[in-house]
Amino acid sequence: MLTGQEPLSAFKRLKQEAQGPLEALTVTWSAHGEMRPVDGGPDEVWLHVLAQTRLPLVCQRCMAPVDTQVVSDRWFRFAPDEATAAVLDEASEEDVLVLSGSFDLHELVEDELLMSLPMVPLHESCPVDVKLAVADPDFEAPEAKPSPFAKLASLRVDKSG
């Protein structure tokens with residue numbers, strides 16, 4: 001088993017998502033590999049990755065910072081090549097990766113945390129009153145102007161007299 005705790009600054013794509021001071025922020029991760037037997041075939045390589053951090057994101061309701069726990073807990077199945085990985089990926093629900101000498105665990109941890117970010121960060125209860133309005137007064141319809149034909153009607157001569 002491998003474990004680590006690194007500063008958020010070591011994850012350049014993930015730190016771009018954070019709003020505010022980053023110095024004290026860390027990413028904690030662990031990775032555990034295992035061989036799983038397969039009936040009639042060679043054992044398969046599997047990897048369990050658990051990663052977590054806390055990020056200050058922007059609440060999309062009140063636009064104030066919201067401290068957000070981000071956790072990824074995933075299993076990965078390894079295939080010997082791209083073709084096998086494509087077949088296995090279509091036939092199974094688990095994530096399939098290609099086993100290669102250039103495998104980058106650090107990048108996988110960052111990818112998984114990025115995919116675990118909430119689509120819309122929100123406070124459970126916003127710390128400030130949120131003005132919820134249907135229309136913006138600056139964009140209200142202008143006052144109706146009198147019709148130019150109304151003046152013409154006043155010029156009409158009465159022919160009855």
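Residues numbered from 1 in each chain as written. Predicted model: local features only at pLDDT ≥ 70, side-chain atom pairs only at ≥ 80, totals over all residues. Heavy atoms only, no water.

What about a nonpolar patch on the surface?
Applicable threshold: For patch building, the residue pool is restricted to those with more than 30% relative accessible area and no salt bridge; the joining distance is 9 Å between like charges and 5 Å between nonpolar side chains (Val, Leu, Ile, Met, Phe, Trp, Tyr). In this description, accessible areas are obtained by the Shrake-Rupley approach with a 1.4 Å probe, and a residue is regarded as covered only by the protein chains that are shown. The term salt bridge refers to a side-chain nitrogen of Lys or Arg lying within 4 Å of a carboxyl oxygen of Asp or Glu. In this description a helix means any DSSP run of H or I spanning at least four residues, a strand means any run of E spanning at least two, and both kinds are numbered starting from the N terminus. The rule is simple: take the accessible area with a 1.4 Å probe, protein chains only, and divide by the maximum for that residue type; under 20% is buried, over 50% is exposed, in between is partly exposed.
Taken together, the side chains of Met 119, Val 120 and Leu 122 make up a nonpolar region of the molecular surface, amounting to roughly 350 Å² of accessible area. Tracing the backbone shows Met 119 in the loop between helix H3 (105-116) and helix H4 (148-155). Of the residues examined, Met 119 reaches a relative accessible area of 83% and is grouped as exposed.

Focus: the confidence of the model for the protein chain
Low-confidence regions, as indicated by low pLDDT, have predicted coordinates that should not be scrutinised in detail. Our working rule: Scored between 0 and 100, pLDDT is the confidence that the predictor attaches to each residue.
On average, residues of the protein chain carry a pLDDT of 87, and 89% of them reach 70 or more. No element of the protein chain has a lower mean pLDDT than H4, which averages 72, and none a higher one than H3, which averages 97.

Let's talk about the sheet that holds strand E4 (residues 65-79)
Here is the rule: DSSP-based pairing: two strands are paired if at least 2 bridges between them are found. A fitted line through C-alpha atoms represents every axis, and for helices the fit uses only the stretch in contact; the resulting angles, taken between N-to-C directions, go from 0 to 180 degrees. Contacts were defined at the residue level, with two residues in contact if any of their heavy atoms lie within 4.5 Å.
In spatial order, the strands read E1-E2-E3-E4-E5; together these five strands make up an open sheet with mixed pairing. Since the sheet does not close on itself, it has two edges, and those belong to strand E1 (2-7) and strand E5 (95-98), each with one partner. Sheet twist, expressed as the average angle between the axes of neighbouring strands with direction ignored, equals 30°. Relative to strand E2 (residues 26-38), E1 runs antiparallel, the two being bridged by six bridges. Bridge pairing in E2 places Leu 2 opposite Ala 31. The strands touched by helix H2 (residues 82-91) are E4 and E5; relative to E5, the strand with the most contacts, the crossing angle is about 180°.

Structural notes on the packing of aromatic side chains
Rule in force here: Ring pairs shown here join Phe, Tyr and Trp side chains whose ring centres sit within 6.5 Å, with only the six-membered ring taken for Trp; geometry is labelled stacked below 30 degrees between planes, edge-to-face above 60, and tilted in between. Comment: the charge-over-ring label is applied if NZ (Lys) or CZ (Arg) is within 6 Å of the ring centre and within 35 degrees of the ring normal.
Counted according to the given criterion, the structure contains two aromatic pairs. The interplanar angle of 65° and the centroid separation of 6.5 Å between the aromatic rings of Trp 46 and Trp 75 together place this pair among those described as edge-to-face. On the criterion of sequence distance, the pair formed by Trp 46 in strand E3 (residues 41-58) and Trp 75 in strand E4 is long-range, its members being 29 residues apart. The interplanar angle of 80° and the centroid separation of 5.4 Å between the aromatic rings of Phe 78 and Phe 103 together place this pair among those described as edge-to-face. Taken together, the residues Phe 78 in strand E4 and Phe 103 in the loop between E5 and H3 connect sequence positions 25 residues apart. Assessed through its relative accessible area of 10%, Phe 78 is described here as buried. The positively charged end of Arg 36 is found above the aromatic ring belonging to Trp 46, 3.9 Å away from the centroid.

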